[in-house]
Amino acid sequence: MIVQLDCALTTEAKEAAIARLRGFGLQITEVHTHRRHYVVCLGDKGLDIRLVGGVPGVVDVHRVSDPYQLVSRSWRVHPTSIDLGDGVIISEGSGAIMMGPCSVESAEQLEAVADFLVAQGVRIMRGGVFKPRSSPYSFRGLGEEGLALFSQIARPRGLKIISEVLEPSQIEVMYDAVDIFQVGARNSQNFSLLDALGSVDKPVLLKRGLSGTLEELLQSAEYMYARGNERILLCERGIRTYERAYRNTLDLNAVPILKEKTHLPVIVDPSHGIGIRRHVPQMSLAALMAGADGLIIEIHPTPERAMSDADQTLSFTEAAMIVQGARDVGGLYRALCR
Ligand code: PEP
Ligand code: MN
């Protein structure tokens, strides 16, 4: 059950309200987001909701039957939209596109990508500077040098930045240089990282784990929400199955199902999802037709020379086809849903 308290309550009135809720035998978790004050109450499923609604200071009560609460669609009528400022908003059906290299490699590379994105009207740039790699001998990213390149090259061109954070200590280091923190598939259930990002006042894109179920993904999002961060994007990036013909199995079924289960925006990463350059454009458009609210795609000025994920990285020509196709498909999807 989600109980919303009046934000203007005095400390005493708030404590009195919480004591009354505890008195019903409920397990209480207080959640302060940047706009609201909630109390997540677990326990007595048969409790008459009107008793809770009658507690002084309670402005709203919702019964949620899902194992996750705050991220559930069943209590929030309006889908969450993530406002990055300067008119860049990721919301239901926005078809937001995030593009950039798997790894930030050099000023020249980032400049070429940034100029391309600006010319295409793409407002959000991706780029890893702290890279999780399967082999310790692979390129691990430029680290803080890469962050400086975002500030010198991408920000002055009006681009918003999404970049992966691997551990809590990197949050402060990255804070000024990024607009969205990405939690990678390998960290999808790193609960101390999720707890730490829950206290940050910047959006987080949370990827599905390599073998993560949708419920696990939603529970990981709940970790951050319960700590107060309500600006969360979920990302389907392919899961590991028995099939070896492609890098991962892009689970587009996840898109309509997640859209039913949660009010959070759903993004698809077809680059890691299939892992094969020539098939990324079709899978991008398929994701939008499945109802994805946005895409995150790897591109590079010379993809075959990319220092990570070269096989799935698109050239500018291929990327431009997706940008155009996404506009067409977005219109088609909206027409179908009308
Ligand atoms: C990435 O975005 O480059 C990345 C490492 O993604 P994932 O966590 O989905 O593997
Ligand atoms: Mn990558």
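Presented here is an overview of the structure given in this document. (Residues numbered from 1 in each chain as written. Chains lettered and ligands numbered in written order. Predicted model: local features only at pLDDT ≥ 70, side-chain atom pairs only at ≥ 80, totals over all residues. Heavy atoms only, no water.)

Remarks on the coordination of the manganese ion (ligand 2)
Around the manganese ion (ligand 2), the protein contributes the donor atoms Cys102 (SG), His272 (NE2), Glu298 (OE) and Asp309 (OD), at 2.1 to 2.4 Å from the metal centre. Taken in chain order, the donor set of the manganese ion (ligand 2) reads C-x169-H-x25-E-x10-D. In this pair, Cys102 is assigned in the loop between β7 (96-100) and α3 (107-120) and Glu298 in strand β14 (residues 294-298), connecting sequence segments 196 residues apart. One exposure class covers both Cys102 and Glu298, and it is buried. (Donors = N, O, S within 2.8 Å, 3.2 Å for Na, K, Ca; no water. Helix = DSSP H or I, 4+ residues; strand = E, 2+ residues; numbered from the N terminus. Buried < 20%, exposed > 50% of the residue type's maximum accessible area, 1.4 Å probe, protein only.)

Observations regarding the site of ligand 1
Ligand 1 sits among 13 residues. The nearest are Arg126, Ala185, Arg186, Lys207 and Arg237. One nitrogen or oxygen atom from the side chain of Arg237 is found 2.6 Å from an oxygen atom belonging to ligand 1. One nitrogen or oxygen atom from the side chain of Glu298 is found 3.2 Å from an oxygen atom belonging to ligand 1. A breakdown of the residues in the shell around ligand 1 according to their chemical character gives three nonpolar, three polar and seven charged. (Near = heavy atom within 4 Å. Polar contact = N/O pair within 3.5 Å; in protein donor to acceptor, adjacent residues only side chain to side chain. Nonpolar A, V, L, I, M, F, W, Y, C, P; charged D, E, K, R; others polar.)

Describing the side chain of Arg76
In this fold, Arg76 is placed in the loop between β4 (58-62) and β5 (82-83). For Arg76, the side chain forms a polar contact with the side chain of Tyr225, separated by 3.1 Å. Excluding residues that lie within four positions of it along the chain, Arg76 makes contacts with Arg35, Arg36, Tyr225, Glu230 and His263. (Contact = heavy atoms within 4.5 Å.)

Side note on the nonpolar core
Side chains that are nonpolar tend, in soluble globular proteins, to be buried together. Grouped together as the largest cluster of nonpolar side chains are 73 residues, with contacts concentrated most on Met99, Leu117, Met125, Phe181, Leu197, Leu234 and Ile299. Per-element tally for this core: the top contributor is helix α7 (residues 214-226), with six residues. Other than its neighbours up to four places away in sequence, Met99 contacts Phe116, Leu117, Val122, Ile124, Met125, Arg126, Ile297, Ile299, Ala319, Ile322 and Val323. By size, the runner-up hydrophobic cluster in this structure holds 15 residues, among which are Leu5, Ile18, Val39 and Cys41. (Core = buried A, V, L, I, M, F, W, Y, C linked by side-chain atoms within 4.5 Å.)

A few points about the sheet that holds strand β3 (residues 37-42)
Strand order across the open sheet formed by four strands is β2-β3-β1-β4, with antiparallel pairing between neighbours. What marks the edges here is a single partner per strand, and that holds for β2 (27-32) and β4. On average, adjacent strands in this sheet sit at an angle of 20 degrees to one another, irrespective of strand direction. Both β2 and β3 contribute to a ladder of six bridges, which runs antiparallel. For Glu30, the partnering residue across the bridge sits in β3 and is Val39. (Pairing = 2+ DSSP bridges. Axes fitted to C-alpha atoms, helices over the stretch in contact; angles between N-to-C directions.)

Description of the packing of aromatic side chains
Enumeration over the complete set of coordinates arrives at three aromatic pairs. Seen in terms of ring centroids, Tyr38 and Trp75 are 5.3 Å apart; in terms of plane orientation they differ by 85 degrees. Their pairing is edge-to-face. On the criterion of sequence distance, the pair formed by Tyr38 in strand β3 and Trp75 in the loop between β4 and β5 is long-range, its members being 37 residues apart. Judged by relative accessible area, which is 7%, Trp75 ranks as buried. Their ring planes at 20 degrees and their centres at 4.4 Å tell us that Phe191 and Tyr223 sit as a pair that is stacked. A residue pair is termed long-range when its members are at least 10 positions apart, and Phe191 in helix α6 (residues 191-198) and Tyr223 in helix α7 qualify at 32 residues. (Phe/Tyr/Trp six-rings, centres within 6.5 Å; stacked < 30°, edge-to-face > 60°.)

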